[in-house]
Amino acid sequence: MPEFENPDHWDTTAQQYERTAHPFTSLYAEAALARVRLTPDSRVLDVAAGTGALALAAARTGAQVLATDFSPGMVARITAANLPNVEARVMDGQALALEDGSFDAVFSIFGVIMFPDWRKGLAEMARVTRKGGHGVIATWQDRGAATFLLLGQIRRTLFPDLAAMTMPEAVQALSDPANLARELIAAGYHDPGIEHVTHDYQLDIAALAEPDTLFGMSPDWTSLSDAQKAAVIGEVRQMAAGRATLPIPSTALVAVARR
């Protein structure tokens, strides 16, 4: 089983994810929210919510939000925010224990794309979206984003004979907007609109002093020897060319469809 399909992996990394990935994924969550009008009467579902980048942002509109994730550690981080209009539950997004048509807007920001049965995840999103409501997903391009994208690039340069991290199947399948639109329609949505959204991940060069904190969630890092890790750090410093941060342009597809 790949690490990203194991809830124990996410339990272990939840606090690290909240510190390092959450602020960046929040940029894409805001882009997704900008495409759907929410009110205090809206019922919102965040599937595979992680530490709640989308859920917490949606809560600021006054909407009633349910955040679900298969990782108890991730759910605990959302609960710790202690927002009165956010509920967080441990739940498998491939088999949502929720009634048909019970939400006005259903989001998954880099979540469903990690599922073993991602088509079932999309179908479950559509099932619980009310008629006339919206389904919204965000997916990375086929090489990933941020430190994952950078590590993949550096490994291919420094260690071309090493096998790279296997990307989730859905990331590969949904990297093309036409394919993404087809899969949303097959899941039960219609009229999908898809946009490219790019933000720079600002890698703090000072954080290279603790590289396991910076890169430790990626198998492209944990599978390296100490000597190889040192070579990667040297390559990043060279790429930064004395700057305090290294921008890593990272592109996602944000898709909005009607039910």
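Cut-off values and rules
- Residues numbered from 1 in each chain as written.
- Predicted model: local features only at pLDDT ≥ 70, side-chain atom pairs only at ≥ 80, totals over all residues.
- Heavy atoms only, no water.
- Core = buried A, V, L, I, M, F, W, Y, C linked by side-chain atoms within 4.5 Å.
- Buried < 20%, exposed > 50% of the residue type's maximum accessible area, 1.4 Å probe, protein only.
- Helix = DSSP H or I, 4+ residues; strand = E, 2+ residues; numbered from the N terminus.
- Contact = heavy atoms within 4.5 Å.
- Pairing = 2+ DSSP bridges.
- Axes fitted to C-alpha atoms, helices over the stretch in contact; angles between N-to-C directions.
- Salt bridge = Lys/Arg side-chain N within 4 Å of Asp/Glu carboxyl O.
- Nonpolar A, V, L, I, M, F, W, Y, C, P; charged D, E, K, R; others polar.

Novice: When you look at the nonpolar core in this model, what are you seeing that I'm missing?
Specialist: As a rule of thumb, soluble globular proteins bury nonpolar side chains together. The biggest cluster of nonpolar side chains holds 83 residues, and the ones touching the most others in it are Leu45, Val47, Phe107, Leu203 and Val236. Top element by residues in this core is strand E7 (residues 245-258). It accounts for eight residues. Leaving out residues up to four positions away in the same chain, Val47 has contacts with Thr68, Gly93, Leu96, Val106, Phe107, Ser108, Gly111, Val112, Phe115 and Met125. With seven residues, the next largest nonpolar core counts Trp10, Tyr17, Met74 and Met217 among its residues.

Novice: Quick question: what am I supposed to make of unusual backbone geometry here?
Specialist: What you tend to see is this: most non-glycine residues have negative phi, and most peptide bonds are trans. Phi is positive for Asp191, close to 50°, though the residue is something other than glycine. Examined against the element boundaries, Asp191 turns out to sit in strand E6 (residues 190-204). For Ala241, which is not a glycine, the phi torsion comes out positive at approximately 50°. Mapped onto the elements of the fold, Ala241 is located in the loop between helix H11 (226-240) and E7.

Novice: Even after reading the chapter, I still don't get the sheet that holds strand E1 (residues 43-47), so can you show me in this structure?
Specialist: Adjacent strands of a sheet pair through backbone hydrogen bonds, lying either parallel or antiparallel. Taken in spatial order, the seven strands of this open sheet run E3-E2-E1-E4-E5-E7-E6, and their pairing is mixed. Both outer strands of the open sheet, strand E3 (86-90) and E6, are each paired with one neighbouring strand and no more. Strand-to-strand twist in this sheet, taken as the mean axis angle between neighbours without regard to direction, amounts to 20°. Relative to E7, E6 is paired through 13 bridges, and the arrangement is antiparallel. In the strand pairing of E7, Tyr201 is matched with Ile248.

Novice: What exactly am I supposed to notice about the pattern of salt bridges here?
Specialist: Opposite charge on two side chains makes pairing possible when the charged atoms of those side chains draw close. Scanning the model with the defined rule gives 11 salt bridges in all. Glu183 serves as the salt-bridge partner of Arg119, at 3.0 Å between the closest nitrogen and oxygen. Of this pair, Arg119 sits in helix H5 (residues 118-128) while Glu183 sits in helix H8 (residues 177-187), placing them 64 residues apart in sequence. For Arg119, a relative accessible area of 43% gives the class partly exposed. Among the salt bridges present, the one from Lys120 reaches Glu124, with a minimum N-O distance of 4.0 Å. Residue Lys120 and its partner Glu124 are both found in helix H5; the two are separated by four residues, about one turn of the helix. Classification of Glu124 as buried rests on a relative accessible area of 7%. In this structure, a network of salt bridges that share partners links the residues Asp100, Lys120, Glu124 and Arg127.

Novice: Would you mind showing me how to read the environment of Gly152 here?
Specialist: Among the secondary structure elements, Gly152 is positioned in helix H6 (residues 146-158). Sequence separation of Gly152 and Trp221 is 69 residues, and the distance between their C-alpha atoms is 9.2 Å.

Novice: Even after reading the chapter, I still don't get the packing of helix H1 (residues 7-20) against helix H4 (residues 72-80), so can you show me in this structure?
Specialist: When two helices pack together, their arrangement is given by the angle between their axes and by how far apart the axes lie. Where H1 meets H4, the axes come as close as 7 Å, and the angle between the chain directions of the two elements is 35°. The segment H1 lies against H4, with Trp10, Asp11, Ala14, Gln15, Tyr17 and Glu18 engaging Pro72, Gly73, Met74 and Arg77. Across the contact of H1 with H4, the residue classes break down as five nonpolar, two polar and three charged.

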